[in-house]
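A closer look at the structure
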Amino acid sequence: MKRRIAPIGAILLFSFLLTSFKPKHDYHVSVTQMQYNATSRTFEVSIRIFTDDLEKALSQSHSKQRFVIKDNDQNDRFVEEYIRKSFVLTDSQKKNTPIKYLGKEQEQDATWVYLEIPFQGALNGCKLLNVTLMETFDDQVNMTNVKFQSEKKTFLFKKGQTSHLL
């Protein structure tokens, strides 16, 4: 009887270990809202990213240092640095527009990142790059909704299509 229990125990332990290391979600997606505020002449940007994905990306870009993202942590400078590299709006003169990092906020399994981008003129000739998390996940998709004056457009960013003309 003892011989049968040992293999069953090993199988149960192995099964538990396999299921405990599964990712928390089966898809890798971020959702970005970019809304133009005519009064302040800025794009108000909010990016919703799965927290565990953001933590993994930050860890990979900082020599495997472990990151835990939550409200009031000390990671804003790392998040800001990462977002500035992965989310870039280029104007019609092919110059990167400055981005003002406003902060981040925790929401269950996601982190919201807030930005402001000063903007004047028309969108013609402007280009948006959104490679957030693509170096970490091959199947990453970044959906970006842009509202400029009365126009609303949605763009999908993924491997092979990392930038769009607005």
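No experiment lies behind these values; they were computed from the predicted model shown.

Where helix α2 (residues 51-61) meets helix α3 (residues 76-86), the closest approach of the two axes is 11 Å, and the angle between their N-to-C directions is 85°. Considering the angle they form, α2 stands roughly perpendicular to α3. Contact residues: α2 offers Leu 54, Ala 57 and Leu 58, while α3 offers Phe 78, Val 79 and Tyr 82. Along the lines of polarity and charge, the residues of the contact of α2 with α3 split into six nonpolar, no polar and no charged.

With 34 residues, the main nonpolar core has Phe 43, Ile 83, Phe 87, Leu 89 and Leu 115 as its most contacted residues. Sequence-distant contacts of Phe 87, that is, excluding residues within four places in its chain, are made with Thr 32, Met 34, Val 45, Ile 47, Ile 99, Leu 115, Ile 117, Leu 128, Leu 129 and Asn 130.

As paired strands, strand β1 (residues 29-37) and strand β7 (residues 141-148) are joined by seven bridges and run parallel to one another. Bridge assignment links Met 34 to a residue of β7, and that residue is Val 146. Where β7 lies against strand β8 (residues 151-158), eight bridges are found, and the strand directions are antiparallel. Residue pairing in the sheet places Thr 144 in a bridge with Phe 155 of β8. What sits between β7 and β8 in their antiparallel hairpin is a turn of two residues, with Gln 149 showing a positive phi close to 55°.

Attention now moves to the sheet that holds strand β2 (residues 42-50). Judged by pairing direction, the sheet is mixed, and its six strands sit side by side in the order β4-β5-β2-β1-β7-β8 without closing on themselves. Edge positions in the sheet fall to β4 (100-107) and β8, since each has one partner strand and no second. Mean inter-strand twist for the sheet, computed between neighbouring axes without regard to direction, equals 15°. Sheet strands in contact with α3 are β2, β4 and β5 (110-118), and its direction is about 115° off that of β4.

Along the chain, Phe 119 falls in the loop between β5 and β6 (127-130). For the pair Phe 119 and Ser 40, spaced 79 residues apart in sequence, the C-alpha separation works out to 9.1 Å.

Glancing now at the side chain of Thr 90. Structurally, the position occupied by Thr 90 is in strand β3 (residues 87-90). Given the relative accessible area of 16%, Thr 90 is considered buried. In this structure the side chain of Thr 90 is engaged in a polar contact, spanning 3.4 Å, whose partner is the side chain of Asn 96. When sequence neighbours within four positions are dropped, the list of residues in contact with Thr 90 reads Lys 95, Asn 96, Gly 125, Cys 126 and Lys 127.

Note: strands within a sheet are paired through backbone hydrogen bonds, in either parallel or antiparallel orientation. One open sheet holds the three strands; their spatial order is β3-β6-β9, and the pairing between them is antiparallel. Each end of this open sheet is capped by a strand with a single partner; those strands are β3 and β9 (163-165). For this sheet the average axis-to-axis angle between neighbouring strands, irrespective of direction, equals 15°. Pairing geometry for β6 and β9, over three bridges, is antiparallel.

Reading the values: the criteria
Throughout this description, residue numbers start from 1 for each chain and increase along the sequence as written. A pLDDT threshold of at least 70 governs which residues receive local features in this predicted model, and a stricter bar of 80 or more applies before side-chain atom pairs are shown or counted, although totals over entire chains, interfaces and linings include all residues. Each side-chain value is derived from all of the structure's non-hydrogen atoms; neither hydrogens nor water enter the calculation. The axes used here are C-alpha line fits, helices contributing only the stretch in contact, and every angle between their N-to-C directions lies in the interval 0 to 180 degrees. In this text, helices come from DSSP runs of H or I with a minimum length of four residues, and strands from runs of E with a minimum of two, each type numbered from the N-terminal end. Just so you know how the angles are binned, under 35 degrees is roughly parallel, over 145 roughly antiparallel, 65 to 115 roughly perpendicular, and the rest oblique. Any two residues whose heavy atoms approach within 4.5 Å at even a single point are treated as in contact. Gly falls in the polar group here, along with every residue not listed as nonpolar (Ala, Val, Leu, Ile, Met, Phe, Trp, Tyr, Cys, Pro) or charged (Asp, Glu, Lys, Arg). To form a nonpolar core, buried Ala, Val, Leu, Ile, Met, Phe, Trp, Tyr and Cys residues must be joined to one another through side-chain atoms within 4.5 Å. Buried residues are those whose accessible area, probed at 1.4 Å on protein chains only, stays under 20% of the maximum for their type, while exposed residues exceed 50% and partly exposed ones sit between those limits. Between any two strands, at least two bridges found by DSSP are needed for them to pair. Pairs of N or O atoms within 3.5 Å make up the polar contacts considered here, provided that, within protein, one atom can donate a hydrogen while the other can accept it, and that residues adjacent in sequence are counted only when both atoms are side-chain atoms.

Interpretation note: all reported values are geometric properties and have no functional meaning in isolation.
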